[in-house]
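In case you want the letters, here they are:
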Amino acid sequence: MSESWRGSIDLGSQSDESYQLEKTHIEPIYDAFVCPLTKQVMRDPVTLENGQTFEREAIEKWFKECKESGRKPICPLTLKELRSIELNPSIALRNTIEEWTARNESAQLDIAGRSLSLSSSEEIVLQALKYIQHICHKSRSNKHVVRNAELIPLIVVMLKSSNRKVRTKALATLRIVAEDDADNKEAMGDPSTVRTIVKFLSHEQSQERKEAVSLLYELSKSASLCGQIGDVNGAILILVGMTSSKSEDVWTVEKAEQTLENLEKCEKNVRQMAENGRLQPLLTTMLEGPPETKLAMASFIGELVLSNDVKVFVARRVGSVLVDVMISGTIQARESALKALNQISSSEPSAEVLIEAGILPPLIKDLFTDGMNQLPMRLKEISATVLASLVHSGSDFSSISIGPNSQTLVSEDIVHNLLHLISNTGPAIGCKLLHVLVGLTSSSTTVLDVVSAIRSSGAIISLIQFIEAPQKELRVPSIKLLHNLSPHMGRELADSLCGTAGQLTSLIKVISENDGITEEQAAAVGLLADLPERDISLTARLLDEGAFELVISRVIRIRKGEIRGSRFVTPYQEGLVRVLARLTYVLTDEPRAVSLACEHDLTALFTDLLLTNGLDDVQMVSALALENLSLESKRLTQVPEAPKQGFCCSIFSCLSQRQTITGLCRVHLGFCSSRESFCLLEGKAVGKLVACLDHRNEKVAEAALAALCTLLEDGVDIEQGVLVLDEAQGIKPIIDVLLENQTESLRQRAVWALERILRREDIAYNLSSDQTVGTALVEAFRNADYRTRQIAELALKHVHKIPNFSGIFTKMG
């Protein structure tokens, strides 16, 4: 071994390192120390009967081979037969060898120590590190020698070398020195040393990274060092990342996993792992640890920011445990459990898991209990927050029992209690419980139960009052709740808004805010849009408040692209158009509505909105508004009086000449305009309405057809109306609507329109040969309602599918 070390050093070199090593005296190997068989220094010398000395293991192997080959035992040196194979320990020689070895190892370790310098050459440093590894492998006791020789700090210095091979060898050497030696691990526990080792974990796909994680694994076996490793910023995060990396080799992933398992012995490390997505240690500690640790871990879960997948995992692992703590724990324990439940209940899948675990009954009990046993208000607020999260899970709460009398969350007395708490607690709890009702009214399976309970409690007035709340967190859920209620309680809401001062003004103020489009604004305008459209009192109040001017301005700005980018733009725009359309339902009874429609040319605006592709509700409502406007055209069109004829002309007809008035509307037979009389023809709306007839949404198609039918109504020139449709290529789409037979109401509209179209003989003649038209009319004649069958019969007579007997009966009479 001495020769091996000396041979690895170039004694002829003139470098400083070689010069220093050459001066160091290493005792030569004596022949008596070397085993004749192995040619190595003996560790356990034994002597035969003939006085020859060998390494015990080597001579035993020699005798075994002699026996197996059938030969008598002979001395491997003299080749003479031995009478006895008894081996006598050479204790004196062994002691001498051990003393010699110790002196030489000490000298060589001294050389190695002086070689471990950043100024030494790569070859010298690598040889020194290699020798230290060798001597540690040779004997565990040598690891103490290495530590006592203060070589560990010198090896650590090599981690700062600019040479990658040196750094890698130093990491491997430290690992070997630390293996199975607690004292050596402690000697490497300096925070700066640990930080340096962790630094190598960030060296992607390198041997240094593998050696560093292997060394950290060894150090993590020491409980006292686990905390120090965890204290290094980023250490646990990197290790967690390595365990989930698909690019790492299996060995590295396994070592990182084993290191983390060792680090779990320290509670603060468990917390760090949880923060970095490794929840299993924390949950295991919570399930198996002592009560105080369980409490600490539950509190910590409440402080974490978790992804939805992790929330589900936590809910499945410890959800039932947390629910049990809610039921029977101390106030402190219940607070920790509630905070954890608050964190994990905010995703739909995890909420479903908690509901299955039975969270609802204790949660409702905590909210409703008064007196000595009630929870502090801060915990009731958390309970309300958890309940608000749960109701948005999509579960059917009308079938989930929460009380001894098979009560559910939408039972009348439960909803009454929720309404009572909303009105009699502060904003912090009230807003959360409003969110609970928002969730319950967002589901078609529970909304009617909540509506019934609100009606029976008479709480609608108090709910409307929250519209004026100064706290946005209270105002927003109240408006969302009223929006959900408006399709079912529109009349009550309209009466309440008209009968109280301030709420309607506040609602309009919310809609008019200019800081982007918010969920609150979309809900507010949706609430107004859902109220009864023909409620003249409400429309009058909106006119008084100047709401329609605001709405028109907002609609135009959205069309121009001045307002965009928010995810609430679509519901906000749909609500605005529906609110604006209210004006068209009261034109006959409210002169101010007519004036406003004329002033802002609503015919042109709604015609333009027909082009809002992708927003079916906007297109449908715009078509309905155009229908209402067009129906008023008959009343608003100025029909000129026929000029009076003179006396002579009245006697001598040959002197009379029919006078014509130019500029009259073909359909309304008067002076029409888009702005003043809402004429569809003048407003260039006919073609756009025809284009909507083949819309994929039958409601849009029906609204468009209804608007076009106003050109065929009694009181207008129906024949000219038919020609207008024909010129706009609108007759075939109407026939297609009838043929497709999408809905009964759409078929009724189409049959009515087609009968009026077929009154023109030329069109009736052209269509009489179209078998599909006849078949569609026959189908309507056979299967439609009574009124539609009558109209279909008239249409069939126009195309001569049914004989017209009226002339015959007249002659017979």
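Residues numbered from 1 in each chain as written. Predicted model: local features only at pLDDT ≥ 70, side-chain atom pairs only at ≥ 80, totals over all residues. Heavy atoms only, no water.

### Some words on the overall build of the protein
And step 1. Summing up its helical and strand segments, the protein has 45 helices and 3 strands in all.
And step 2. Since a compact globule built from 813 residues should have a radius of gyration of about 28 Å, the 47 Å found for the protein marks it as more spread out than a globular shape.
And step 3. The principal-axis extent of the C-alpha atoms belonging to the protein is close to 170 × 70 × 55 Å.
And step 4. With 813 residues in all, the protein has 49% of them scored as buried.
And step 5. Sequence-distant contacts in the protein: of pairs separated by 6 or more residues, those separated by 24 or more amount to 66%.
And step 6. Summing over all exposed atoms, the protein offers an accessible surface of approximately 39000 Å²; the carbon and sulfur share of this is 50%.
And step 7. With 87 positive and 105 negative side-chain charges, the protein shows a separation of 3 Å between the mean positions of the two kinds. (Helix = DSSP H or I, 4+ residues; strand = E, 2+ residues; numbered from the N terminus. Rg over C-alpha atoms; globule rule 2.2 N^0.38 Å. Buried < 20%, exposed > 50% of the residue type's maximum accessible area, 1.4 Å probe, protein only. Contact = heavy atoms within 4.5 Å. Areas by Shrake-Rupley, 256 points an atom, 1.4 Å probe, with all protein chains shown as cover. Lys, Arg positive; Asp, Glu negative; His and termini not counted. Charge placed at Lys NZ, Arg CZ, Asp CG, Glu CD.)

### A word on the nonpolar core
One broad rule of soluble globular proteins: the nonpolar side chains tend to lie buried together.
And step 1. Leu485, Phe606 and Leu689 are the most contacted members of the largest nonpolar core, which totals 187 residues.
And step 2. Top element by residues in this core is helix α27 (residues 472-499). It accounts for 9 residues.
And step 3. In this view, Phe606 contacts Val577, Leu580, Ala581, Thr584, Ser622, Ala625, Leu626 and Leu629; residues no more than four positions away in its chain are not counted.
And step 4. Among the nonpolar cores identified, the runner-up in size contains 49 residues, and Val125, Leu174, Val177 and Leu216 belong to it. (Core = buried A, V, L, I, M, F, W, Y, C linked by side-chain atoms within 4.5 Å.)

### Observations regarding the sheet that holds strand β2 (residues 53-55)
And step 1. Overall, antiparallel pairing links the 3 strands, which are arranged β2-β1-β3 in an open sheet. Edge positions in the sheet fall to β2 and β3 (88-89), since each has one partner strand and no second.
And step 2. In the packing of helix α3 (residues 56-69) onto the sheet, contacts are made with β1 (45-47), β2 and β3, and the angle to β2 comes to roughly 95°. (Pairing = 2+ DSSP bridges. Axes fitted to C-alpha atoms, helices over the stretch in contact; angles between N-to-C directions.)

### A closer look at the confidence of the model for the protein
Parts of the model with low pLDDT should not have their predicted coordinates read in detail.
And step 1. The predicted model of the protein has a mean per-residue pLDDT of 87, with 93% of residues at 70 or higher.
And step 2. Element-level pLDDT for the protein is lowest in helix α1 (residues 2-7), with a mean of 35, against a maximum mean of 96 in helix α34 (residues 602-609).
And step 3. This stretch, residues 1-25, has a pLDDT under 50; its non-local contacts, to residues over four places away or in other chains, come to 36 contacts.
And step 4. pLDDT under 50 marks residues 807-813. Its contacts with residues more than four places away, or in other chains, come to 0 contacts. (pLDDT = per-residue confidence, 0-100.)

### Some details on the packing of aromatic side chains
Pairs of aromatic rings are described using the distance from one ring centre to the other and the angle between the two planes.
And step 1. This structure, assessed with the given rule, holds 2 aromatic pairs.
And step 2. Measuring from ring centre to ring centre gives 5.2 Å for Tyr30 and Phe33, while their planes differ by 75°; the resulting arrangement is edge-to-face.
And step 3. The exposure class assigned to Tyr30 is partly exposed, which follows from its relative accessible area of 45%.
And step 4. Residue placement shows Arg71 over the ring face of Trp62; its charged tip is 5.9 Å from the ring centre.
And step 5. When the ring centre of Phe781 is taken as reference, the NZ or CZ atom of Arg789 above it lies at 6.0 Å. (Phe/Tyr/Trp six-rings, centres within 6.5 Å; stacked < 30°, edge-to-face > 60°. Lys NZ or Arg CZ within 6 Å of the ring centre and 35° of its normal.)

### A closer look at the pattern of salt bridges
And step 1. Evaluation of the coordinates by the stated rule reveals 42 salt bridges.
And step 2. Of the charged contacts, one joins Asp110 and Arg114 as a salt bridge, the two residues approaching to 2.6 Å between their closest N and O atoms. Here the residue Asp110 and the residue Arg114 both occupy positions in helix α4 (residues 91-115), the gap between them amounting to 4 residues, near one helical turn.
And step 3. Given a relative accessible area of 43%, Arg114 falls into the partly exposed group.
And step 4. We note a salt bridge from Glu562 to Arg557, for which the minimum N-O separation is 3.4 Å.
And step 5. Residue Arg557 is classed as partly exposed on the basis of its relative accessible area of 29%.
And step 6. One network of salt bridges, in which partners are shared, links Asp44, Arg56 and Arg94. (Salt bridge = Lys/Arg side-chain N within 4 Å of Asp/Glu carboxyl O.)

### Some points on helix α30 (residues 536-544)
And step 1. Within α30, burial applies to Leu538, Thr539, Ala540, Leu542 and Leu543.
And step 2. In this structure, the buried residues of α30 make contact with α27, α28 (503-512), α29 (519-530), α31 (547-559) and α33 (591-599).
And step 3. The backbone nitrogen of Ser537 lies 3.1 Å from a side-chain oxygen of the residue at the head of α30, namely Asp535.
And step 4. Gly546, located one to two residues past α30, shows a positive phi value of around 70°. (Polar contact = N/O pair within 3.5 Å; in protein donor to acceptor, adjacent residues only side chain to side chain.)

### Describing unusual backbone geometry
And step 1. Even without glycine at this site, Asp601 takes up a positive phi of about 50°.
And step 2. Structurally, Asp601 is set in the loop between α33 and α34.
And step 3. Unusually for a residue other than glycine, Leu669 sits at a positive phi of about 60°.
And step 4. Here Leu669 lies in the loop between α36 (647-651) and α37 (686-691).

### A short note on the environment of Gln619
And step 1. With respect to the helices, strands and loops of the structure, Gln619 is situated in helix α35 (residues 616-636).
And step 2. Expressed as a C-alpha distance, the spacing of Gln619 and Phe606, which sit 13 residues apart in the sequence, is 8.5 Å.
And step 3. Contact partners of Gln619, with chain neighbours within four places excluded, come to Leu609, Leu610, Thr612, Asn613, Gly614, His695 and Val700.

### Side note on the environment of Asn741
And step 1. In this fold, Asn741 is placed in the loop between α40 (731-740) and α41 (744-757).
And step 2. For the pair Asn741 and Glu779, spaced 38 residues apart in sequence, the C-alpha separation works out to 9.8 Å.

### Thoughts on the state of the cysteines
Working definition: the covalent bond between the sulfur atoms of two cysteines is a disulfide.
And step 1. Considering all chains together, one arrives at 0 disulfides under this definition.
And step 2. Of the cysteine sulfurs around Cys665, a residue in no disulfide, the closest is that of Cys679, at 3.9 Å.
And step 3. Under the relative-accessibility criterion, Cys665 is labelled buried at 3%. (Disulfide = S-S within 2.5 Å.)

### Observations regarding the environment of Asn484
And step 1. For Asn484, the position within the fold is in helix α27.
And step 2. Separated by 43 residues in sequence, Asn484 and Leu527 place their C-alpha atoms 7.7 Å apart.
And step 3. Residue contacts for Asn484: discarding those within four places in its chain leaves Val438, Thr441, Ser442 and Val447.
And step 4. A distance of 3.0 Å separates the side chain of Asn484 from the side chain of Thr441, its partner in a polar contact.

### Description of α3
And step 1. An ideal rise of 1.5 Å per residue puts 20 Å on 14 residues; α3 measures up with 20 Å between its terminal C-alpha atoms.
And step 2. Three or more residues of α3 are buried, namely Ala58, Ile59, Trp62, Phe63 and Cys66. Looking down the long axis of α3, one finds its buried residues gathered within 135° of arc, a one-sided arrangement. The exposed set on the far side of α3, more than 90 degrees from its buried face, consists of Glu57, Lys61, Lys64, Lys67 and Glu68.
And step 3. Lining the buried residues of α3 we find β1 and β2.
And step 4. Just beyond α3, the residue with positive phi is Gly70, at close to 85°. (Expected span 1.5 Å × (residues − 1). Arc of directions from axis to C-beta.)

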